[in-house]
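Here is how the chains run, residue by residue.
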Amino acid sequence: MGLTAHVLAVDAGNSKTDVAVVTAGGEVLATARGGGFRPPAVGVERAVDALADTVARAFAAAGVTSVDHVSACLANADLPVEEEQLAAALHARAWGGSVEVRNDTFAILRAGVSEPRGVAVVCGAGINCVGMRPDGRTARFPALGRLSGDWGGGWGLAEEALWHAARAEDGRGEPTELARTLPAHFGLGSVHALVEALHLRHIEPARRHEMTPVLFATAEDGDPPARSIVDRQADEVVAMATVALTRLDLLAEETPVLLGGSVLAARHPRLDTRVRELLAARAPRAVPQVVTARPVLGAVLLGLDRTGAPEGARDRARAYFAG
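(A) The pairing of strand β1 (residues 5-12), seen in detail. Buried residues dominate β1, accounting for eight of its eight residues. In this sheet, strand β2 (residues 16-23) lies alongside β1 in antiparallel orientation, the contact comprising seven bridges. Along β2, the bridge assignment pairs Val7 with Val22. The turn joining β1 and β2, which pair antiparallel and follow one another in sequence, is formed by three residues. By the bridge criterion, six bridges tie β1 to strand β4 (residues 67-74) in an arrangement that is parallel. Its bridge partner lying in β4, Val10 is registered against Ala72.

(B) View of the pattern of salt bridges. All told, the structure shown has 19 salt bridges when counted by the stated rule. With its nearest N and O atoms 2.8 Å apart, the salt bridge here joins Asp170 to Arg172. According to the relative accessible area criterion, Asp170 is partly exposed, its value standing at 46%. A salt bridge links Arg270 to Asp231, with the shortest nitrogen-to-oxygen separation between them at 3.0 Å.

(C) Inspection of the packing of aromatic side chains at higher detail. Applying the stated rule across the entire model yields one aromatic pair. On the numbers, 5.0 Å between centres and 80° between planes, the contact of Tyr320 with Phe321 is edge-to-face. A residue is classified by how much of its surface remains accessible, and Tyr320, at 41% relative accessible area, is partly exposed. Under the relative-accessibility criterion, Phe321 is labelled buried at 11%. Between the NZ or CZ atom of Arg102 and the centre of the ring of Phe106, over which it lies, the distance is 5.1 Å.

(D) Region of the structure containing helix α2 (residues 44-62). In this model, α2 (19 residues) spans 26 Å end to end at C-alpha, consistent with the 27 Å of a helix rising 1.5 Å per residue. Within α2, burial applies to Val44, Ala47, Val48, Leu51, Ala52, Thr54, Val55, Ala58, Phe59 and Ala62. Those residues of α2 hidden inside the fold are in contact with β1, β2, β3 (28-35), α1 (39-42), β4 and α3 (80-91). Just downstream of α2 lies Gly63, where phi reads positive at about 75°.

(E) Spotlight on the environment of His164. Inspection of the secondary structure assignment puts His164 in helix α5 (residues 153-170). For His164, a relative accessible area of 17% translates into the label buried. Separated by 110 residues in sequence, His164 and Thr54 place their C-alpha atoms 43 Å apart. Beyond its immediate sequence surroundings of up to four residues, His164 is in contact with Thr176, Leu178, Pro225 and Ile229.

Parameters and conventions
Residues numbered from 1 in each chain as written. Predicted model: local features only at pLDDT ≥ 70, side-chain atom pairs only at ≥ 80, totals over all residues. Heavy atoms only, no water. Buried < 20%, exposed > 50% of the residue type's maximum accessible area, 1.4 Å probe, protein only. Helix = DSSP H or I, 4+ residues; strand = E, 2+ residues; numbered from the N terminus. Pairing = 2+ DSSP bridges. Salt bridge = Lys/Arg side-chain N within 4 Å of Asp/Glu carboxyl O. Phe/Tyr/Trp six-rings, centres within 6.5 Å; stacked < 30°, edge-to-face > 60°. Lys NZ or Arg CZ within 6 Å of the ring centre and 35° of its normal. Expected span 1.5 Å × (residues − 1). Contact = heavy atoms within 4.5 Å.

Such coordinate-based values are descriptive only and should not be taken to indicate function.
Written out as structure tokens, the structure is:
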């Protein structure tokens, strides 16, 4: 008798989507990768249509047409009402008997911990933080950018760096090496030329993220304004983590704090050191660690948690993705 598909795990980010079909015992029957999941840009139905193509490939490889449970961790599911809307859209596709939708940050958290207990701060293009306990309690933020009080992430850091550089060059702000290093990265001789090129789209808007590594390099070389931006990002990361730990009554317990996303995973020395120093001061029992596991593993584990998988199932799934 063949293995029976039990969980469809989905980790759908802004840039790519990973899905996995898994048995109740944690064996991975098939995986597939697709493009980004962006309901705000294309609408819920078109976003789910694109996701359906990836799911169809995984189902075909696994030799199934449905599963018992769908565990979906989705980008842009920032509010409970959005999770409900997306869960209804996925349920309508009849991929599984039950559906649970969470923000994709929960996948990163669950992938990095041995049980559903801890806090994760993700700093990639934007910034977000979630926390969870085995009893089902969670902590989260809207994570809608400056609209909801967020600061930083790769896009925000690039914008802040260019703001300081522009003001330094025209005399409104204090001197900073960013006025030299940012335009030099694009082969330009001044911040004014860089601003003009970005405004007129001679440099594609998507390339703005390239300014973030330049910011970190300039900070490492000792530039005070660049260092102040990096330090502020560290403060924001620790502020989110500390609030989440407090909400879940975990501040006084030894608790993993997972650091993920391209900015934190790069382990820029000043940012990484500053985050750990601030955590040690504000949340001494927190245990910071950078997440290296693939987020789709987190979606798998959340699905196995939800369906009461037997002992050993989670270890099998983790071993597959570790390999």
